[in-house]
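# Secondary and tertiary structure notes
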Amino acid sequence: MSTNHSDSNTMKIEQDKDFEELLKYCMISGKINLDLYAEYDVKRGLRDSNGKGVLTGLTEISDVCAYDTVDGRKIPSDGRLYYQGYDVMDLVKSYEKRRFGFEEVTYLLMFGELPNRTQMEKFMDILFDMQDLSGRFIRDVIMKASNANIMNAMQRCILTLYSYDDNPDDISIPNVLRQSLELIGKMPLIAVYSFHAFQHFRLDKNLLIRNPERGLSVAENILHMLREDGKYTELEAKVLDIALVLHTEHGGGNNSTFTTHVVTSTGTDTYSAIAASIGSLKGPRHGGANLKVQDMFANIMENCPNWTDEAKIRTYLNDILDKKAFDNSGLIYGMGHAVYTESDPRCVILKEYARSLAKEKGLMEQFALYELVEKNAGELIMNKRKLFKPVCANVDFYSGFVYTMLGIPRELFTPIFAIARISGWCAHRLEELVNQGKIIRPAYKYVGTHKQFEDIDER
């Protein structure tokens with residue numbers, strides 16, 4: 001017997017009321033008195049009251065430094081980032097006239113030392129041989145169930161690769177190393193092809209699937225596979241390569257890398273661990289911050305048409321901080337960092353490459369606006385929030401601008417981050433397995449009340 005339209009509407013209204021009642025219970029049940037965090041000295045967000053991260057592990061993979069110690073006192077300083085003990089500034093400088101920066105840094109993170117020429121050539125051959133995706137996988141996995149969020153598409157593809165692995169659950173170091181190198185090689189193809197599938201099946205655009213070319217760097221192949229004509233300038237490829245280098249690793253304490261350690265510590269397979277890390281990076285508080293920066297600058301450009309009027313820009317930034325403008329969050333996106341004080345070295349490096357790219361693209365007016373906002377925002381935030389720790393621009397401040405100048409679509413901003421960061425994730429997964437750490441299981445303090453059970457008819 002069919003249900004008429006009126007009955008269906010009545011049922012829907014009743015279900016909505018029932019759901020609203022459940023929602024009310026959920027909100028009440030889940031609410032915890034925030035004063036209890038201080039009472040029990042709970043490190044909320046795994047951070048001390050002064051903002052310093054709680055020490056939860058040891059690593060040799062990278063070091064993030066924001067202070068100098070003078071006479072026993074910590075003094076804010078220009079930030080420094082080290083990969084396996086090497087200053088990233090020195091690494092990037094060496095790549096000014098060399099290709100394959102991302103590949104060399106991947107080797108460094110995974111194996112602890114920089115490769116010589118012979119080692120690098122062999123490593124490049126291995127990576128290229130392992131990046132191949134079968135036509136069946138592209139057709140049956142990437143092309144089906146496409147969606148606008150490429151991070152979700154990548155997560156699904158990574159998990160499905162488990163089914164294409166003859167030995168997926170073996171967590172011995174040789175097998176995990178093999179899996180890691182395969183995933184590092186395949187990630188750019190998965191991301192770019194997933195974007196093309198979205199464009200074709202959701203936006204009715206022409207379908208473009210171009211194979212990577214042997215001898216090209218990861219950065220070059222991304223642009224080669226992404227662009228309709230497959231062409232790019234030497235500077236464009238260089239800037240993307242440096243961006244990948246800067247996003248490859250940032251200590252074990254960032255959310256997605258910590259996720260890698262946590263999930264790896266359970267003894268699960270590589271595909272599950274990396275999929276979990278992608279899920280972490282997808283969050284707008286982590287990997288999606290440069291999108292917010294781009295949206296903020298579009299809003300500033302719209303409301304401050306004279307991009308050189310510093311007084312007007314300062315007034316508008318104050319309105320943003322006072323929750324009167326942009327998204328009313330009170331945040332100037334791309335400013336401030338949990339660790340860095342005087343400067344974020346990744347931002348310092350990327351800013352100069354952004355300047356070069358802006359010159360090539362004829363976008364120096366936009367670049368000047370970014371500089372003007374950076375110059376004023378830190379000071380305004382410190383004054384408004386009454387902070388003593390310096391506030392600097394972070395890597396997200398310029399990365400979205402760089403990707404936009406490279407013609408990389410917004411849908412691929414965070415996936416580009418994932419393409420780079422998977423090298424760090426895999427290095428940390430191997431480090432966790434080599435050291436045979438315990439399962440990571442922090443404690444939570446119960447602050448509810450114990451209750452007497454009652455039969456259902458007596459409640």
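Within each chain, residues carry numbers counting from 1 in the order of the written sequence. Totals for whole chains, interfaces and linings use every residue, but because this is a predicted model, local features are given only for residues with pLDDT of at least 70 and side-chain atom pairs only at 80 or more, for both listing and counting. Side-chain descriptors were evaluated using all non-hydrogen atoms of the structure, hydrogens and water having been removed beforehand.

## Thoughts on the overall build of the protein chain
Selection rule: The helix and strand labels rest on DSSP assignments: H or I over at least four residues marks a helix, E over at least two residues marks a strand, and numbering proceeds from the N terminus. Radius of gyration: over C-alpha atoms. The globule rule applied is 2.2 Å multiplied by the number of residues raised to the 0.38 power. Three labels apply to residues, based on accessible area from a 1.4 Å probe with only protein chains included: buried if under 20% of the type maximum, exposed if over 50%, partly exposed otherwise in between. The contact rule is simple, with two residues in contact once any of their heavy atoms fall within 4.5 Å. Accessible surface area values rest on a Shrake-Rupley calculation with a 1.4 Å probe, where residue burial reflects the displayed protein chains alone. For the purpose of charge, His is not counted, nor are the chain termini; Lys and Arg are scored as positive and Asp and Glu as negative. Where a charge sits is defined by one atom per residue type, namely NZ (Lys), CZ (Arg), CG (Asp) or CD (Glu).
Per the secondary structure count, the protein chain includes 18 helices and three strands. For 459 residues, the compact-globule estimate of 2.2 N^0.38 gives 23 Å, and the protein chain sits close to it at 24 Å. Its C-alpha atoms give the protein chain principal-axis dimensions of roughly 80 × 60 × 55 Å. Evaluated residue by residue, the protein chain yields a buried proportion of 46% over its 459 residues. Counting only contacts in the protein chain whose residues sit at least 6 apart along the sequence, the fraction spanning at least 24 positions is 71%. Summed over all atoms, the accessible surface of the protein chain reaches about 24,400 Å², with 51% contributed by carbon and sulfur. Averaging the positions of the 55 positive and the 64 negative side-chain charges in the protein chain gives two centres separated by 2 Å.

## Some remarks on the packing of aromatic side chains
The condition is simple: Two rings from Phe, Tyr or Trp (for Trp, the six-membered ring) form a pair when their centres are within 6.5 Å of each other. A pair whose planes differ by under 30 degrees is stacked, one over 60 is edge-to-face, and the rest are tilted. The criterion is that NZ of a Lys, or CZ of an Arg, lies within 6 Å of the ring centre and within 35 degrees of the ring normal, and then a charge sits over that ring.
Using the criterion set out here, one finds 15 aromatic pairs in the structure. Here the aromatic cluster, defined as three or more aromatic residues joined through ring pairs, consists of Phe-297, Phe-367, Tyr-370, Phe-397, Tyr-398 and Phe-401. Its end group placed over the ring of Tyr-37, Arg-44 keeps NZ or CZ at 4.6 Å from the ring centre. We note Lys-74 situated over the ring of Tyr-67; from NZ or CZ to the ring centre the distance is 4.5 Å.

## Some remarks on a negative patch on the surface
The cut-off we apply is this: Without a salt bridge and with relative accessible area above 30%, a residue can belong to a patch; like charges are then joined within 9 Å and nonpolar side chains (Val, Leu, Ile, Met, Phe, Trp, Tyr) within 5 Å. The salt bridge criterion pairs a side-chain nitrogen of Lys or Arg with a carboxyl oxygen of Asp or Glu, the two atoms within 4 Å.
A cluster of acidic residues, Glu-454, Asp-455, Asp-457 and Glu-458, forms a negative patch on the protein surface. Along the chain, Glu-454 falls in the segment after helix 18 (413-434). Residue class for Glu-454 comes out partly exposed when judged on its relative accessible area of 41%.

## Brief notes about the pairing of strand 1 (residues 62-70)
Applicable threshold: Here, any two strands with at least 2 DSSP bridges between them count as paired.
With eight bridges connecting them, strand 1 and strand 2 (residues 73-83) associate as antiparallel partners. Within the sheet, the bridge partner assigned to Ser-62 lies in strand 2 and is Tyr-83. What sits between strand 1 and strand 2 in their antiparallel hairpin is a turn of two residues, with Asp-71 showing a positive phi close to 55°.

## Looking at the environment of Pro-188
Checked against the element boundaries, Pro-188 lands in helix 8 (residues 173-203). We classify Pro-188 as buried; its relative accessible area is 5%. Along the sequence, Pro-188 and Thr-160 sit 28 residues apart, while their C-alpha atoms lie 16 Å from each other. The residues contacting Pro-188, other than those within four sequence positions of it, are Val-218, Ile-222, Met-225 and Ile-419.

## Some thoughts on the pairing of strand 2
When a strand is regular, its side chains alternate between the sheet's two faces. Sheet topology places strand 2 next to strand 3 (residues 86-87); two bridges connect them, and they run antiparallel. When the sheet's bridge partners are listed, Tyr-83 is paired in strand 3 with Tyr-86. A loop of two residues connects strand 2 with strand 3, the two strands running antiparallel in sequence, and Gln-84 in this loop sits at a positive phi of about 50°.

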